[in-house]
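One-letter residues, chain by chain:
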Amino acid sequence: MIDSTRGRLLAVLCLLAVQASLFPLYAQQPIDPAAHVYPEGPDVASDPAAYIGERVEITGIVQRTAPLVVRVETMEGSMAIRVANHGLSPERGAKVRVFGTLTAAGELRATDGFVVPQRGRWYAWGISFLAGLWVLYRLVVHWRVKAATLGFVPRETPATIRALLERITPGAEGLD
Amino acid sequence: MPDLLAHAFIAYAVCRVLSWRWEWLTTEYVTVGMVGALIPDITKVYLVVPNHAMERLLGTPFSWYSLGTGGGVLVSVLIGVVLAASEVRRPVGVALGIGAGSHLLADSLLLTPTGYSTQLLWPLSQVRTLSPGLYLSTQPGPMVVTGVVAAVVWMVHRRRVSVSDAESE
């Protein structure tokens, strides 16, 4: 059982290495429309001619509204894609996600799509930050780290804000 | 995905209701379940350092999105399990799994342009889940609904605790 500081750190490093190996693996997963894995912005930008006539999924930021032109960011730079048949009313700067057929390099005929307004993105950021704070608070109140092994254990009694503050101010008692 | 607060509310409600059946699922482990619910959203680091920026930096294909798949979430949960002291590893693993699993299921209901959402079995399978397209993460609706449910669960739990305290006196 891994329960020493060294064992724990080694195991975490191994798992992080596994996690890191998944990042490029995911990015290079083959396109498979049968599994609903379609070409996306970076695929189209790298070789637009290869995907003409195929269904693609594009996420981009609105540059122009009439006609709708979105900018897609890729490793090499950015690409502008004009979207037809979209039925959307986005503002400039909004994020647009569309699915449709690439009719020409840089031109997409949409069959489905929606707008993610900037206001909504700010909401998501703010509310997610609050959620993170709430969970972090609960974690600190209910759990502590054993200094000897760096393992997390439940506290015998929940901590209070006062007790935590006393602990981190000068002259406080030692660690658990 | 629904926003992170909605995910936290869902994990709280699910874990708290399960705690009425499973004695080991105490408040500490409800908290672990809520931590688990945050795990798949580690992928949101792409908002700070986009995929294309990482690709330019490393010179290789790169995507943070693997962190939101079944495989990526499993590895993250295992990291949490390793960080736990050995005597609590099993309940921590179960609670993290419940929280992370609830997040993936909620994400499977998201609106997408293709009508298909999460890759629950990646890297074993690429298949995306068929989604009813209920919401976007930028909409407050899910947070309100799940918040109400979590509040009701909390009140029921408080009532159960006070009834059981009265009975044991």
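Structure's up top.
What you are looking at is a predicted structure, and each value in this text was computed from that prediction instead of being measured.

A. Local environment of the packing of aromatic side chains. Taken as a whole, this structure holds eleven aromatic pairs over all chains when the rule is applied. Summarising the aromatic geometry, the rings of Phe23(A) and Phe62(B) are spaced 4.9 Å apart at their centres and angled 40° between planes, so their arrangement reads as tilted. Within this pair, whereas Phe23(A) is found in helix 1 (residues 5–27), its partner Phe62(B) is found in the loop between helix 3 (51–58) and helix 4 (70–83), the two belonging to separate chains. Taken together, a centroid distance of 5.1 Å and an interplanar angle of 70° make the contact between Phe23(A) and Trp64(B) edge-to-face. Of the two residues, Phe23(A) sits in helix 1 while Trp64(B) sits in the loop between helix 3 and helix 4, which places them in two different chains. The exposure classification of Phe23(A) matches that of Trp64(B), with both residues buried. An aromatic cluster of three or more residues is present, and its members are Tyr26(A), Tyr46(B), Tyr65(B) and Trp122(B).

B. Main features of the pattern of salt bridges. This model, assessed by the stated rule, comprises seven salt bridges over all chains. A salt bridge links Arg8(A) to Asp3(A), with the nearest nitrogen and oxygen atoms 2.7 Å apart. A salt bridge links Arg56(B) to Glu73(A); the nearest nitrogen and oxygen atoms lie 3.6 Å apart. Here Arg56(B) is found in helix 3, whereas its partner Glu73(A) is found in strand 2 (residues 68–73) on a different chain. When its relative accessible area of 42% is taken as the criterion, Arg56(B) is described as partly exposed. The class for Glu73(A) is partly exposed, based on a relative accessible area of 28%. Through salt bridges with shared partners, one network takes in Arg71(A), Glu73(A) and Arg56(B).

Definitions and cut-offs
- Residues numbered from 1 in each chain as written.
- Chains lettered and ligands numbered in written order.
- Predicted model: local features only at pLDDT ≥ 70, side-chain atom pairs only at ≥ 80, totals over all residues.
- Heavy atoms only, no water.
- Phe/Tyr/Trp six-rings, centres within 6.5 Å; stacked < 30°, edge-to-face > 60°.
- Helix = DSSP H or I, 4+ residues; strand = E, 2+ residues; numbered from the N terminus.
- Buried < 20%, exposed > 50% of the residue type's maximum accessible area, 1.4 Å probe, protein only.
- Salt bridge = Lys/Arg side-chain N within 4 Å of Asp/Glu carboxyl O.

Nothing here speaks to function; it is geometry throughout.
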